[in-house]
Amino acid sequence: MRSIQRRLSLGLISVLLIIGLVLAQTSLWLFEVGLQRYLESGLRNESELLLVALVRGPDGLQLDEHRLSPGYQRPYSGHYFRIDFDQGHWRSRSLWDLELPHPGQPGLHADLALEKTDQSLLLLHTDYRKFGQTISITVAQDYTPVRDSFALVQRIGLGLGLMALILILVLQRVTVRRALRPLERAREQIFQLQQGQRSQLDERVPVELEPLVAQINHLLAHTEDSLKRSRNALGNLGHALKTPLAVLMSLAEGDKLAGHPHVRETLRDQLHHIQQRLERELNRARLSGDALPGARFDCAAEIPGLFSTLRMIHGEHLELSSEIGAGLFLPWDREDILELLGNVMDNACKWADSHVSLTIAKGADGYCLLIDDDGPGIPVHHRDEVIGRGNRLDEQVTGHGLGLGIVKDIVEAWGGRIQLLDSPMGGLQVRIDLPERLSPQLPGTESTRQLS
Amino acid sequence: MRLLLVEDHVPLADELISTLGRQGYAIDWLTDGRDAIHQGATEPYDLIVLDLGLPGVPGLEVLQKWRSGGLSTPVLILTARASWAERIEGLKAGADDYLTKPFHPEELQLRIQALLRRVRGLVNQPKLEAAGLHLDEGRQCVSRGEEDIQLTAAEFRLLRYFMLHPGQILSKSHLAEHLYDGENERDSNVIEVHVNHLRRKLGRAVVETRRGQGYRFAGTGE
């Protein structure tokens, strides 16, 4: 989609150009027509004066020189006449040796060029009857100065029009930008939403945007709510299934089955399968994945709680250290991140001798989580078995199995990558790379800035 | 050792009571959160096993009430909610350990043993050690050097309590409160009988009598 600003500009420019040109050209044309009418009456006057100056002399028709205006005497003065009658014709002296163009029709004619000069003539051709014969008088006037001034007016008008256009465009840009500012703000807020820097859009927006923002906020709240509800339902389901399972497991270990070792063995196996399957599927179903855009995980607030939990489970002898950028937020759901870190760290604590360290760093295009321990590590050729694709739970190595299975699910749901490496501390290093959370429909801030 | 079990699922509670009973724990059982708030705070329990999904008042709230009331008894949470977020919440509310359902009965026993020792400041080790005696809680027998000495269930209970509180003076009524659940008759003469049995098996010096005060575990005096 192109930006609204650009569309508005293009539309405005074309409308203004078309209307402005049509208007300017029409008014110029009307003005010229009016001017020609005015000049025509002058010319008609001239031609009538000439008619009056025609007198009957001793040898036919004569032109009374005294009655002629001096403009007809000076060569190329811009005022010309030609009188045609039965016996011959007269031309004004101003024509010198040039021939006045001869229009066939009587009436006003414009745009006739006088040969050899660059004068453009306005010419009136009229037929009269006097002294019993037809006399046709053609008077002409140089139209070039008028035309030149028209061109000047046209140029000035064009310049003024262009300036007005630019001014209007600038003003329109400013206005539109001001009018669209709430839209831009909403766009920025959606971006922040994706980044996990906010959980709701600002409700103080113009009336036009209100339904949109309200709808988005409603959707967010609804998603969060249904996630919470489905998690709760899953918790209840887990509770309903796991408690009887605990009873069965306790029964299987009890004395009542001491006489039936086979039954006990089968029961144990099957219960173990059910438990593993249940655990994995419930955990997977709890993942929010990308459902909630406003989610975020505050490292500084949550990591200490996780660490004290781990210390409680594994004993105080373990040294847990963390290296996390100040004020770092991970743009994912809190419970998902806790599940991810909890399982990986729990695993590391199980195998570590004395020290487990957690490093979270933000890279150029994502986040990198490193979990190091100083335990025995995993030989290179076993690592693929531990996190290998398509491994079934029951085939996975005990201890490194279930926990890392759910970790793999989480990381894959986020489009990340998990690797098992050698730790500089001597044991295993779990490296988890998570890509920056950006929806593809939302381009970066810079590129959209240019359009607006 | 006297335990409070708060669990609303009757079959599971039955199972737990019988397995933990075999381990020599005296168990009081409650199913409702409201009762638990009161009884947990008034009776002298050594440890509380608390289910989170309780009728009445949710388990987490029960725990918060206890802790805000100053109760310091170790609490082991037993729950089907296995997510880390919920675990952290539980421990923040003041739990000392967290066991998710379903679990092996053996794991629950180990956790209870470990928690009881941890609370007493004892190192986490497979056998309980005090004053030259090693108590094997799994086999319910005690060893001194190379010599294994078999114990009856009642003697085992008593010795374990002594060994978890070495050097402390414990009155007969205190011992009766912590060794028997709320429903059994507490007869201090029974304690006397068991102390005498222990002395016969482990030597007279193992438990001192402080006249008018009670007993004190002295061990073999190394």
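Residues numbered from 1 in each chain as written. Chains lettered and ligands numbered in written order. Predicted model: local features only at pLDDT ≥ 70, side-chain atom pairs only at ≥ 80, totals over all residues.

Engineer: How would you explain the overall build of chain B if you had to name every residue and give the values?
Structural biologist: Per the secondary structure count, chain B includes eight helices and 12 strands. The proportion of buried residues among the 222 residues of chain B is 44%. (Helix = DSSP H or I, 4+ residues; strand = E, 2+ residues; numbered from the N terminus. Buried ≥ 20, exposed ≤ 12 C-beta atoms within 10 Å, placed from the backbone.)

Engineer: A description of the interface of chain B and chain A should follow, citing residues and the corresponding values.
Structural biologist: Residue-level contacts link 24 residues of chain B with 27 residues of chain A. At the level of elements, α1 (10-22), α4 (84-92) and α5 (105-119) of chain B are the ones that each hand at least two residues to the side of chain B that touches chain A. Here the side of chain B that touches chain A gets six residues from one element, more than from any other, and that element is α4 of chain B. Considering only residue class, the side of chain B that touches chain A consists of 11 nonpolar, six polar and seven charged. (Contact = placed C-beta atoms within 7 Å. Nonpolar A, V, L, I, M, F, W, Y, C, P; charged D, E, K, R; others polar.)

Engineer: Can you explain the packing of helix α1 (residues 4-53) of chain A against helix α2 (residues 144-195) of chain A? Please cite residues and give values.
Structural biologist: Residue and element names in this part refer to chain A. Following both chains from N to C, one finds α1 and α2 inclined at 155°, their axes separated by 10 Å at the closest point. The orientation of α1 relative to α2 falls into the category roughly antiparallel. Crossing of α1 against α2: the hand is right-handed. Looking at side-chain class alone, the contact of α1 with α2 contains 15 nonpolar, seven polar and three charged residues. (Axes fitted to C-alpha atoms, helices over the stretch in contact; angles between N-to-C directions. Parallel < 35°, antiparallel > 145°, perpendicular 65-115°, else oblique. Left-handed = near helix turned anticlockwise from the far one by under 90°.)

Engineer: A description of the sheet that holds strand β12 (residues 214-217) of chain B should follow, citing residues and the corresponding values.
Structural biologist: Residue and element names in this part refer to chain B. Read across the open sheet, the three strands follow the order β10-β12-β11; overall the sheet is antiparallel. Among the strands making up the open sheet, the edge pair consists of β10 (169-170) and β11 (207-210). In the sheet, β10 pairs with β12 via two bridges, with the strands oriented antiparallel. Bridge pairing in β12 places isoleucine 169 opposite arginine 216. (Pairing = 2+ DSSP bridges.)

Engineer: Provide a residue-level description of the packing of helix α3 (residues 210-253) of chain A against α1 of chain B, including the pertinent values.
Structural biologist: Taken N-terminus to C-terminus, the directions of α3 of chain A and α1 of chain B make an angle of 35°; their axes are 9 Å apart at the nearest point. Handedness of the α3 of chain A/α1 of chain B crossing: left-handed. Contacts from Thr243, Ala246, Val247, Ser250 and Leu251 of chain A of α3 of chain A reach α1 of chain B at Pro11, Leu12, Glu15 and Thr19 of chain B. Considering only residue class, the contact of α3 of chain A with α1 of chain B consists of five nonpolar, three polar and one charged.

Engineer: I'd like to hear about the nonpolar core, residue by residue, with values.
Structural biologist: Counting residues in each nonpolar core, the largest one holds 104 residues, and the members touching the most others are Met345 of chain A together with Leu3, Val6, Val49, Leu50, Leu159 and Met163 of chain B. Aside from chain neighbours lying at most four places away, what touches leucine 3 of chain B is Leu20, Tyr25, Ala26, Ile27, Tyr45, Asp46, Leu47 and Val49 of chain B. (Core = buried A, V, L, I, M, F, W, Y, C linked by C-beta atoms within 7 Å.)

Engineer: Go over the sheet that holds strand β13 (residues 417-422) of chain A, please, and point to the residues and values.
Structural biologist: All names here are of chain A. Overall, mixed pairing links the five strands, which are arranged β9-β11-β12-β14-β13 in an open sheet. Each edge of the open sheet carries a strand with a single partner, namely β9 (319-324) and β13. Across the sheet, the mean angle from the axis of one strand to that of its neighbour is 15°, orientation sign disregarded. Taken together, the seven bridges between strand β11 (residues 355-362) and strand β12 (residues 366-373) define a ladder with antiparallel strand orientation. When the bridges of β12 are listed, serine 357 appears paired with aspartate 372. Across the sheet, helix α5 (residues 299-314) touches β9 and β11, and the angle it forms with β9 is around 165°.

Engineer: Can you break down the confidence of the model for chain A residue by residue, with the values?
Structural biologist: When pLDDT drops low, the exact placement of atoms in the prediction is not to be read closely. All names here are of chain A. Averaged over all residues, the pLDDT of chain A is 82; the fraction at 70 or higher stands at 91%. Mean pLDDT across the elements of chain A bottoms out in helix α9 (residues 445-451) (39) and peaks in β11 (90). For residues 389-400, every residue scores under 50 in pLDDT, and the model assigns this stretch 18 contacts once sequence neighbours within four places are set aside. Of the regions scoring below 50 in pLDDT, residues 440-452 engages in 14 contacts with residues more than four places distant in sequence or in other chains. (pLDDT = per-residue confidence, 0-100.)

Engineer: Talk me through the environment of glycine 53 of chain B; I want residue IDs and the actual numbers.
Structural biologist: All names here are of chain B. Tracing the backbone through its elements, the reader meets glycine 53 in the loop between β3 (47-51) and α3 (59-68). Take glycine 53: there are 21 C-beta atoms within 10 Å of it, and that puts it in the buried class. Each C-alpha atom of the pair glycine 53 and valine 6 lies 9.9 Å from the other, and the pair is 47 residues apart in sequence.

Engineer: Tell me about α1 of chain A, residues and numbers included.
Structural biologist: Residues and elements named next belong to chain A. With 50 residues, α1 ought to run about 74 Å at 1.5 Å a step, and its terminal C-alpha atoms sit 73 Å apart, in line with that. Among the residues making up α1, those that are buried are Leu43, Glu46, Ser47 and Leu50. Lining the buried residues of α1 we find β1 (54-57), β3 (79-85), β6 (120-130) and β7 (133-142). (Expected span 1.5 Å × (residues − 1).)

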